[in-house]
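Topology and contacts: notes
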Amino acid sequence: MDQIKGFIKLFLMEPKWFKVFIMVTLLTSIIFSSSAFSNMYFQSLSKFAAGLFFGAYGIKMRRNTAISLILLGAAVVCLFLACFHFAVAYYG
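I will try to describe carefully the structure that is included in this document. Owing to the predicted nature of the structure, the values given are computational and were not obtained by experimental measurement. (Residues numbered from 1 in each chain as written. Predicted model: local features only at pLDDT ≥ 70, side-chain atom pairs only at ≥ 80, totals over all residues. Heavy atoms only, no water.)

Remarks on the environment of leucine 12
Tracing the backbone through its elements, the reader meets leucine 12 in helix 1 (residues 2-12). Considered as a pair, leucine 12 and isoleucine 22 are ten residues apart in the sequence and their alpha carbons are 12 Å apart. (Helix = DSSP H or I, 4+ residues; strand = E, 2+ residues; numbered from the N terminus.)

Shown next, in the form of structure tokens:
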């Protein structure tokens, strides 16, 4: 529980632009991944937003190499899936 409190404290100390960026990407990823948006373009946008979210935290946590590599790997996977879903939606 102390780790979660520490993580929240660190988040609140971040600049306002970073907080807005993280919140927008997280909410975009959650909202567009719902079943209400079943269009492939929205699914692609959701994966792209998740990739940006993981990438931002992967770059932010580059002091801890293991966590940074895991988050950057997740970002690469999300961005690849976003491109794949966009290509499937565009080309049929």
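Side note on a nonpolar patch on the surface
Together, Trp17, Phe21, Phe42, Leu45, Phe48, Leu52 and Leu79 line one region of the surface with nonpolar side chains, adding up to about 620 Å² of accessible area. Of all the secondary structure elements, the ones that give two or more residues to the nonpolar patch are helix 2 (16-32) and helix 3 (40-60). Position of phenylalanine 48 among the secondary structure elements: in helix 3. (Patch = residues over 30% accessible without salt bridge, like charges linked within 9 Å, V, L, I, M, F, W, Y side chains within 5 Å. Areas by Shrake-Rupley, 256 points an atom, 1.4 Å probe, with all protein chains shown as cover. Salt bridge = Lys/Arg side-chain N within 4 Å of Asp/Glu carboxyl O.)

A word on the side chain of histidine 85
Relative to the helices and strands, histidine 85 is located in helix 4 (residues 65-91). Not counting the four nearest positions on each side in its chain, histidine 85 is found in contact with Met40, Ser44 and Lys47. (Contact = heavy atoms within 4.5 Å.)

Here's the deal with the packing of helix 2 against helix 3
At a closest axis distance of 8 Å, the pairing of helix 2 and helix 3 adopts a crossing angle of 145°. Note that helix 2 runs across helix 3; the crossing there is left-handed. Here Phe18, Phe21, Ile22, Thr25, Leu26, Thr28, Ser29 and Phe32 of helix 2 come into contact with helix 3, specifically with Phe42, Gln43, Leu45, Ser46, Ala49, Ala50, Leu52, Phe53, Ala56, Tyr57 and Lys60. Looking at the contact of helix 2 with helix 3 residue by residue, the class counts come to 13 nonpolar, five polar and one charged. (Axes fitted to C-alpha atoms, helices over the stretch in contact; angles between N-to-C directions. Left-handed = near helix turned anticlockwise from the far one by under 90°. Nonpolar A, V, L, I, M, F, W, Y, C, P; charged D, E, K, R; others polar.)

Quick look at the nonpolar core
Residues Phe11, Phe18, Ile22, Phe53, Ala56, Tyr57 and Leu71 constitute the largest nonpolar core, which totals seven residues. Contributing elements (two or more residues each) for this core: helix 2 and helix 3. (Core = buried A, V, L, I, M, F, W, Y, C linked by side-chain atoms within 4.5 Å. Buried < 20%, exposed > 50% of the residue type's maximum accessible area, 1.4 Å probe, protein only.)

Digging into empty space enclosed by the protein
Scanning the model with the defined rule gives one cavity of 30 Å³ or more in all. In this model, the largest cavity occupies a volume close to 30 Å³. Lining the largest cavity are Phe7, Leu10, Phe11, Glu14, Phe18, Tyr57 and Lys60. Going through the elements one at a time, helix 1 and helix 3 are the ones with two or more residues in the lining of the largest cavity. Here the lining of the largest cavity gets three residues from one element, more than from any other, and that element is helix 1. Tallied by class, the residues present in the lining of the largest cavity amount to five nonpolar, no polar and two charged. (1 Å grid on protein atoms, 1.4 Å probe; cavity = no way out; pocket = protein on both sides within 12 Å on 5 of 7 lines; lining within 4 Å. Points joined across faces, edges and corners; volume = space filled by probe spheres on them.)

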